Amino acid sequence: MNMHAFASDVAFTPTIKAIQARKGSRQSYARVEERGGWQSAITPDLAAFIEMQTSVFLSTANGDGQPYIQHRGGPAGFLRVLDEKTIGFADFLGNKQFITQGNLADNPRAFLFLIDYMTRQRIKIWGTARVVEDDPELRARLMPRDYRARPEQVILFTVSAWDANCPQHIPQRFEAADVAAALGERDRRIQHLEQEIARLKGISGAAAKE
């Protein structure tokens, strides 16, 4: 059960609010809270953003509070929105350290950080997560089609709250596949124009000889 008065209370602890008050930002964040600025359910726009991503950072902490962050990646759509509170993805076979799984066994609290460098947009998602090892049907459902990786288990993330950051200081970068596609289209256009120029020169040369 969510005991927070506001969704942002998952991040804004009393200590953090005291610092905000001391440094002058508490009043503006209080207004955001009153307007319901942070959300606790996945909206259609957020779902579309999540399922476009090819990369995500998953943060956990062990029972002693030691934080850990790990990258997860796959083709667009490897992150699946299962309902308005749940994100799921196949956890591929890796180096077998199992730090994330061990942390979640001791402390289910987790955090997802998604960043789209092309659009310079980032989303922060707080919640809890669990590993599902014994559901082959769910694992097959979440496995990206024709992707060359071995799914070992599933991670299900339950959303408590989420917020979008401003684009400040995010470098704009593009996916290599998108750049290659754009350059390919440019080269095809150049080739077409060169052919058209050659055709027009041929017409002009023939007319000059007449």
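Everything numeric in this text was worked out from a predicted model, so none of it was measured.

Enquirer: Explain the sheet that holds strand β6 (residues 121-132) to me, please; I cannot follow it from the model alone.
Expert: In sheet architecture, strand pairing relies on hydrogen bonds along the backbone and comes in two forms, parallel and antiparallel. As summarised here, the arrangement of the seven strands in space is β2-β1-β5-β6-β7-β4-β3, forming an open sheet in which the pairing is antiparallel. Strand pairing shows two members of the sheet lacking a second neighbour, β2 (67-73) and β3 (80-83), which therefore form its edges. On average, adjacent strands in this sheet sit at an angle of 35 degrees to one another, irrespective of strand direction. Alignment of β3 against strand β4 (residues 86-92), held across three bridges, turns out to be antiparallel. Within the sheet, the bridge partner assigned to valine 81 lies in β4 and is isoleucine 87.

Enquirer: What exactly am I supposed to notice about the nonpolar core here?
Expert: Generally speaking, a soluble globular protein has its nonpolar side chains buried in company with each other. The biggest cluster of nonpolar side chains holds 23 residues, and the ones touching the most others in it are Ile50, Leu79, Ile87, Leu112, Leu114, Ile125 and Phe157. For this core, the elements supplying multiple residues, two or more each, are α3 (44-52), β1 (55-61), β4, β5 (109-116), β6 and β7 (151-165). If sequence neighbours within four positions are ignored, isoleucine 50 has contacts with Leu79, Val81, Ile87, Leu114 and Ile125. By size, the runner-up hydrophobic cluster in this structure holds eight residues, among which are Phe92, Val132, Met143 and Val154.

Enquirer: What exactly am I supposed to notice about the environment of aspartate 9 here?
Expert: Note that aspartate 9 resides in the segment before α1 (14-23). A relative accessible area of 12% places aspartate 9 in the buried class. It is 9.5 Å that separates the C-alpha atoms of aspartate 9 and tryptophan 38, two residues lying 29 residues apart in sequence. Look past the residues within four positions of aspartate 9 in its chain and what remains in contact with it is His4, Lys17 and Glu33.

Enquirer: Even after reading the chapter, I still don't get the side chain of glutamine 20, so can you show me in this structure?
Expert: Relative to the helices and strands, glutamine 20 is located in helix α1. According to the relative accessible area criterion, glutamine 20 is buried, its value standing at 8%. If sequence neighbours within four positions are ignored, glutamine 20 has contacts with Phe12, Ser25, Arg26 and Tyr29.

Enquirer: What am I meant to see in the packing of aromatic side chains here?
Expert: This structure, assessed with the given rule, holds six aromatic pairs. Ring geometry for phenylalanine 78 and phenylalanine 89: centres 6.4 Å apart, planes at 70 degrees, overall edge-to-face. Separated by eleven residues along the polypeptide, phenylalanine 78 in the loop between β2 and β3 and phenylalanine 89 in strand β4 bring together distant segments of the chain. Residue phenylalanine 78 shares its accessibility class with phenylalanine 89, and that shared class is buried.

Enquirer: How do you make sense of the environment of arginine 22 when you look at a structure like this?
Expert: With respect to the helices and strands, the residue arginine 22 is situated in helix α1. You can call arginine 22 exposed: its relative accessible area is 64%. Sequence spacing of arginine 22 and glycine 88 is 66 residues, and the spatial spacing of their C-alpha atoms is 39 Å.

Enquirer: I keep staring at the pattern of salt bridges and nothing clicks. Help me out?
Expert: Opposite charge on two side chains permits pairing when their charged atoms draw close. The final tally for this structure, using the stated rule, is eight salt bridges. With a closest N to O distance of 2.9 Å, arginine 26 and glutamate 33 form a salt bridge. The burial state of arginine 26 is the same as that of glutamate 33; both residues are buried. Salt-bridge contacts for arginine 188 lead to glutamate 185; the nearest nitrogen and oxygen are separated by 3.1 Å.

Enquirer: Please clarify how the pairing of β4 should be interpreted in this entry.
Expert: Side-chain direction in a regular strand flips from residue to residue, so the side chains alternate between the two faces of the sheet. With seven of seven residues buried, β4 lies mostly within the body of the structure. Here β3 hands over to β4 after two residues, the two strands then running antiparallel side by side.

Enquirer: I would appreciate a short explanation of unusual backbone geometry in the present structure.
Expert: The phi angle of most residues is negative, glycine excepted, and most peptide bonds adopt the trans form. Of note in this structure, lysine 96 is not a glycine but carries a positive phi near 65 degrees. Locating lysine 96 in the fold gives a position in the loop between β4 and α4 (99-106). In this model, phenylalanine 98 sits at a positive phi of 60 degrees, which is unusual for a non-glycine residue. Along the polypeptide, phenylalanine 98 turns up in the loop between β4 and α4.

The rules behind these values
Residues numbered from 1 in each chain as written. Predicted model: local features only at pLDDT ≥ 70, side-chain atom pairs only at ≥ 80, totals over all residues. Heavy atoms only, no water. Pairing = 2+ DSSP bridges. Helix = DSSP H or I, 4+ residues; strand = E, 2+ residues; numbered from the N terminus. Axes fitted to C-alpha atoms, helices over the stretch in contact; angles between N-to-C directions. Core = buried A, V, L, I, M, F, W, Y, C linked by side-chain atoms within 4.5 Å. Buried < 20%, exposed > 50% of the residue type's maximum accessible area, 1.4 Å probe, protein only. Contact = heavy atoms within 4.5 Å. Phe/Tyr/Trp six-rings, centres within 6.5 Å; stacked < 30°, edge-to-face > 60°. Salt bridge = Lys/Arg side-chain N within 4 Å of Asp/Glu carboxyl O.

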